[in-house]
Amino acid sequence: MNKLLWLREETRPTERRTPLVPDDVAKLADEGVRVVVERSQRRVFSDDDYAAAGCELAAPGSWKDAPGDAVVLGIKELPDAPADLTHRHIFFAHAYKGQEGADDLLRRFVRGSGQLLDLEYLTDDDGRRLAAFGYWAGYVGAALGVLELAGKLPAPLQATSRESLDTALRAAGQELAERDVTALVIGARGRSGRGALEALGVAGVRATPWDLEETATLDREALLGHDLLVNCVLATTPIPPFVRAEDVADPRRRLSVIADVTCDVHSDINVLPINRDITTWSQPVRDVGAAEKPLRVIAIDNLPSLLPLQASESFSAELSAVLAGLWEDAPEWRRDADLFKTAAASLERAGAEASGVGQASDEPGAGFEDLLAFNNERYAISAPHGFDGVAHAGVLMVTCMDSRLEPLEMIGLRIGEAKILRTPGGHVTPDALSGCVLGVHLLNVDRILVVEHTRCAAAANDDAGVRRAIWEKSGVDTGDFAFGADPNQEERLTADVKLLREHPLIAGRARVGGFILDVDTGKLRAVV
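All of the points below concern the structure found in this document. (Residues numbered from 1 in each chain as written. Predicted model: local features only at pLDDT ≥ 70, side-chain atom pairs only at ≥ 80, totals over all residues. Heavy atoms only, no water.)

Overview of the pairing of strand β7 (residues 182–186)
We count it as follows: We call a residue buried when its accessible area falls under 20% of the maximum for its residue type, exposed when it is over 50%, and partly exposed in between, using a 1.4 Å probe and counting protein chains only. Only DSSP runs of H or I reaching four residues or more are called helices, and only runs of E reaching two or more are called strands; each is numbered from the N terminus. A pair of strands counts as paired when DSSP detects no fewer than two bridges linking them.
Of all five residues in β7, five are buried; the element is thus mostly enclosed. Burial along β7 is two-sided: the residues Thr182, Leu184 and Ile186 and Ala183 and Val185 are all buried. One ladder, built from five bridges, connects β7 with strand β8 (residues 206–210); its direction is parallel. Bridging across to β8, Ile186 finds its partner in Trp210. Pairing geometry for β7 and strand β9 (residues 228–231), over four bridges, is parallel. Counterpart to Val185 in the pairing with β9 is Val230.

A look at the nonpolar core
As a reminder, the rule being used: Throughout, nonpolar core names a set of buried Ala, Val, Leu, Ile, Met, Phe, Trp, Tyr and Cys residues whose side chains join them through atoms within 4.5 Å. Contact definition: two residues touch when any of their heavy atoms are within 4.5 Å.
Leu5, Leu319 and Trp333 are the most contacted members of the largest nonpolar core, which totals 70 residues. A total of ten residues in this core trace back to one element, the largest contributor, which is helix α4 (residues 134–149). Excluding anything up to four places from it in sequence, Trp333 contacts Ile90, Leu117, Leu122, Leu319, Val322, Leu323, Gly325 and Leu326.

So, the environment of Leu169
Mapped onto the secondary structure, Leu169 falls in helix α5 (residues 162–177). You can call Leu169 buried: its relative accessible area is 0%.

As for unusual backbone geometry
With an omega of 5°, the peptide bond between Ala81 and Pro82 qualifies as cis. Turning to its location among the elements, Pro82 is positioned in the loop between β4 (71–73) and β5 (88–91). The omega angle of the peptide bond from Ala155 to Pro156 is 0°, so this bond is cis rather than trans. Among the secondary structure elements, Pro156 is positioned in the loop between α4 and α5. The backbone of Cys263 sits at a positive phi, close to 55°, despite the residue not being glycine. Along the polypeptide, Cys263 turns up in the loop between β10 (257–260) and β11 (286–288). Overall, the relative accessible area of 11% leaves Cys263 in the buried class.

Observations regarding α4
Put simply, the rule is: Working rule for helices: expected span equals 1.5 Å times residues minus one.
Helix length check: α4, at 16 residues, gives a terminal C-alpha distance of 22 Å against a target of 22 Å (1.5 Å per residue), a fit within 8%. For α4, the buried fraction is high: 15 of the 16 residues fall into the buried class. Gly151 occupies a position one or two residues after α4 and carries a positive phi of about 70°.

Quick look at the sheet that holds β8
For clarity, the threshold we go by: Lines fitted to C-alpha atoms define the axes, with helix axes restricted to the stretch in contact, and inter-axis angles between N-to-C directions lie between 0 and 180 degrees.
On the basis of which strands lie adjacent, the open sheet formed by six strands has the order β8-β7-β9-β10-β12-β11 and mixed pairing. Both edges of this open sheet fall to β8 and β11, since each of them pairs with a single strand only. Averaged over all neighbouring strand pairs, the angle between strand axes comes to 20°, with direction disregarded. Note: β10 against strand β12 (residues 295–298), three bridges, orientation parallel. Paired with Val257 across the bridge in β12 is Arg296. Relative to the sheet, α4 contacts β9, β10 and β12, its axis offset from that of β9 by approximately 160°. Together, β7, β8 and β9 form the strand contacts of helix α6 (residues 191–203), whose direction differs from that of β7 by roughly 165°.

What follows is the structure in structure tokens.
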């Protein structure tokens, strides 16, 4: 097998980072990987550094003509050409959450029969990223926020060293000490949050760390009572926004600067919808709100590039530890590849439907060919047989349709031991209630769990909000369709449990409990 890794030059003028530093090339050479590096005048490490490490050098942009089995490695976006992408590409693509330009990028891969391996989704078995720039993104983002508060943020920004940045931070912190400023870091337990807290510590700025527990029920008054907000939360499902237009207009607002480290500004689930565009190195700050009391937002999407050396070294150490597994079909790379395959198939189906292809087909299974292929090739061989359909552990669970949930694994049961009913939000709908009654009387059920979960879209809004989101996303008016969304999650859970406990066909025949699953820790919490 030819293991060829092609490190491309970044085309963005401000991008000096590299995903693979010269010192880590040796690790790949030991695994039989040949590394070709495109020459670059911007990269934090010189071409000579890579040559000395044993890399072959190539012209900038030559990846387009690289051998077909080359894996092309980068950090940020690809150039617009070529129109069709034929290689395997590893980079931060931002292509799976409805971001601007995402579908066009995926179409380039589909047309060229290439493959996207998005670094954002290179994760371990527990969903944690295996390689990330997050720590230094948080560090730099918080530092820029402090400098802006002190009126010392330069423009345009320039890449710098850790020593120089820390010197500027300490000087700004001394001035801010007289004003008793405070900072709020949301997402404080993650990599970005930890980096932000360290930068604030260097500056001597008093910081309040918030994470999942503090944002489950948002204390807006407390949030707006800080001078600086550092957002380090990368939402994967809709959650209530942290700062809304009405918050900006609140006369009690003390908050004056937001450093949006996550910078998910083009996503449908942006937690700071008051800002819908990035800021730049030349213009790092944007004012939102009234001119007499503006809220200044920093939303730079390549923050770690301001500290390119530290950011590159830490990222490369993590990535180089797993890169060779790409050619061994390691599970982390296989998951990433499967994600692209799913997105590409969805895009192709959407294109076919939009052009009318497949719309008139009456052939059974039309549009489901990929799923049927898996069933025939793999599941039919290993599928369990001989079960009688009874819940042998006496358990029934009503839970959410969310794809992050594995109901049986959640409670340590196996196929055949429990009945699973899934609804939006895990609510006890009329159909779910019917399933509970059938389970109790005909299927050996004597315990019923109603399980909702954190960061649930159905608990982040009410039905009016869901209808509005659908209208904004697809232009479809759903009228008065009832989705069952309810932002009062625990109240709704308590009511659903009460309904089951008191129902005449269930009361006295089954024990009923209400629980909330923390999707980040995997732990269940008993509520009622």
